[in-house]
Amino acid sequence: MTIIQKRKVVYLRKKGESYAAIAAIIGASENTVKSYCRRNGLGSEAVMQRKQAAGEACDYCAEPLHHTPGAKKKRFCSDHCRMRWWA
């Protein structure tokens with residue numbers, strides 16, 4: 001991969017794009033993108049940790065959260081996840 005492609009991968013991955021979407025954008029294989037991300041701390045675990053830290057993902061299952069404007073921010077996507085996390 002070129003330096004420009006690597007920078008695009010980092011930028012798109014931090015935006016939350018999938019490996020397949022990034023591969024299509026930069027013209028590389030999905031496995032190449034996935035390997036680069038894992039070697040450089042941009043794997044799916046790192047992305048989900050950033051989303052959880054920002055309050056955008058469930059603390060238990062890491063599913064995206066949908067916040068209602070003006071309401072208290074959610075930590076869990078469902079009662080099931082909330083009860084499992086506290087158990």
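Here the structure is shown first, and the text comes after it.
Everything numeric in this text was worked out from a predicted model, so none of it was measured. (Residues numbered from 1 in each chain as written. Predicted model: local features only at pLDDT ≥ 70, side-chain atom pairs only at ≥ 80, totals over all residues. Heavy atoms only, no water.)

(A) Representation of the overall build of the chain. Each helix and strand counted, the chain has five helices and zero strands in total. Across the chain, helices and strands are ordered from the amino to the carboxyl terminus as α-α-α-α-α. Looking at the chain as a whole, 25% of its 87 residues qualify as buried. When contacts within the chain are restricted to residue pairs at least 6 apart in sequence, those whose partners lie at least 24 apart make up 26%. (Helix = DSSP H or I, 4+ residues; strand = E, 2+ residues; numbered from the N terminus. Buried < 20%, exposed > 50% of the residue type's maximum accessible area, 1.4 Å probe, protein only. Contact = heavy atoms within 4.5 Å.)

(B) Molecular detail of the packing of helix α1 (residues 3-14) against helix α2 (residues 19-26). Between α1 and α2, the shortest axis-to-axis distance is 10 Å and the interhelical angle comes to 145°. The interaxial crossing formed by α1 with α2 has right-handed handedness. Along the contact surface, α1 presents Q5, K8, V9, L12 and R13, while α2 presents Y19, I22, I25 and I26. Class assignment of the residues belonging to the contact of α1 with α2 gives a composition of six nonpolar, one polar and two charged. (Axes fitted to C-alpha atoms, helices over the stretch in contact; angles between N-to-C directions. Left-handed = near helix turned anticlockwise from the far one by under 90°. Nonpolar A, V, L, I, M, F, W, Y, C, P; charged D, E, K, R; others polar.)

(C) Summary view of a nonpolar patch on the surface. A cluster of nonpolar residues, Y60, W85 and W86, forms a patch on the protein surface that exposes about 370 Å² of accessible area. The residue Y60 is located in the loop between α4 (44-53) and α5 (79-86) in this model. Judged by its relative accessible area of 39%, Y60 falls in the partly exposed class. (Patch = residues over 30% accessible without salt bridge, like charges linked within 9 Å, V, L, I, M, F, W, Y side chains within 5 Å. Areas by Shrake-Rupley, 256 points an atom, 1.4 Å probe, with all protein chains shown as cover. Salt bridge = Lys/Arg side-chain N within 4 Å of Asp/Glu carboxyl O.)

(D) A look at the environment of H66. By secondary structure assignment, the location of H66 is in the loop between α4 and α5. H66 sits in the exposed class, given a relative accessible area of 64%. The spatial distance from the C-alpha of H66 to the C-alpha of F76 is 10.0 Å, given a sequence separation of 10 residues.

(E) Summary view of α2. Those residues of α2 lying buried are Y19, I22, A23 and I26. All buried residues of α2 project into a common sector of 100° when viewed along the axis, lining one side. Exposed side of α2, more than 90 degrees from the buried face: A24 and I25 are the residues found there. A positive backbone phi angle near 80° is found at G27, which sits one or two residues after α2. (Arc of directions from axis to C-beta.)

(F) Representation of the side chain of Q5 in the model. Inspection of the secondary structure puts Q5 in helix α1. Accessibility expressed as a relative area gives 19% for Q5, which makes it buried. Looking at Q5, its side chain comes within polar contact range of the main-chain oxygen of I26, at 3.0 Å. (Polar contact = N/O pair within 3.5 Å; in protein donor to acceptor, adjacent residues only side chain to side chain.)

(G) Representation of the packing of aromatic side chains. Within the structure shown, the criterion is met by zero aromatic pairs. Against the face of Y19 rests R13, its NZ or CZ located 4.2 Å from the ring centre. (Phe/Tyr/Trp six-rings, centres within 6.5 Å; stacked < 30°, edge-to-face > 60°. Lys NZ or Arg CZ within 6 Å of the ring centre and 35° of its normal.)

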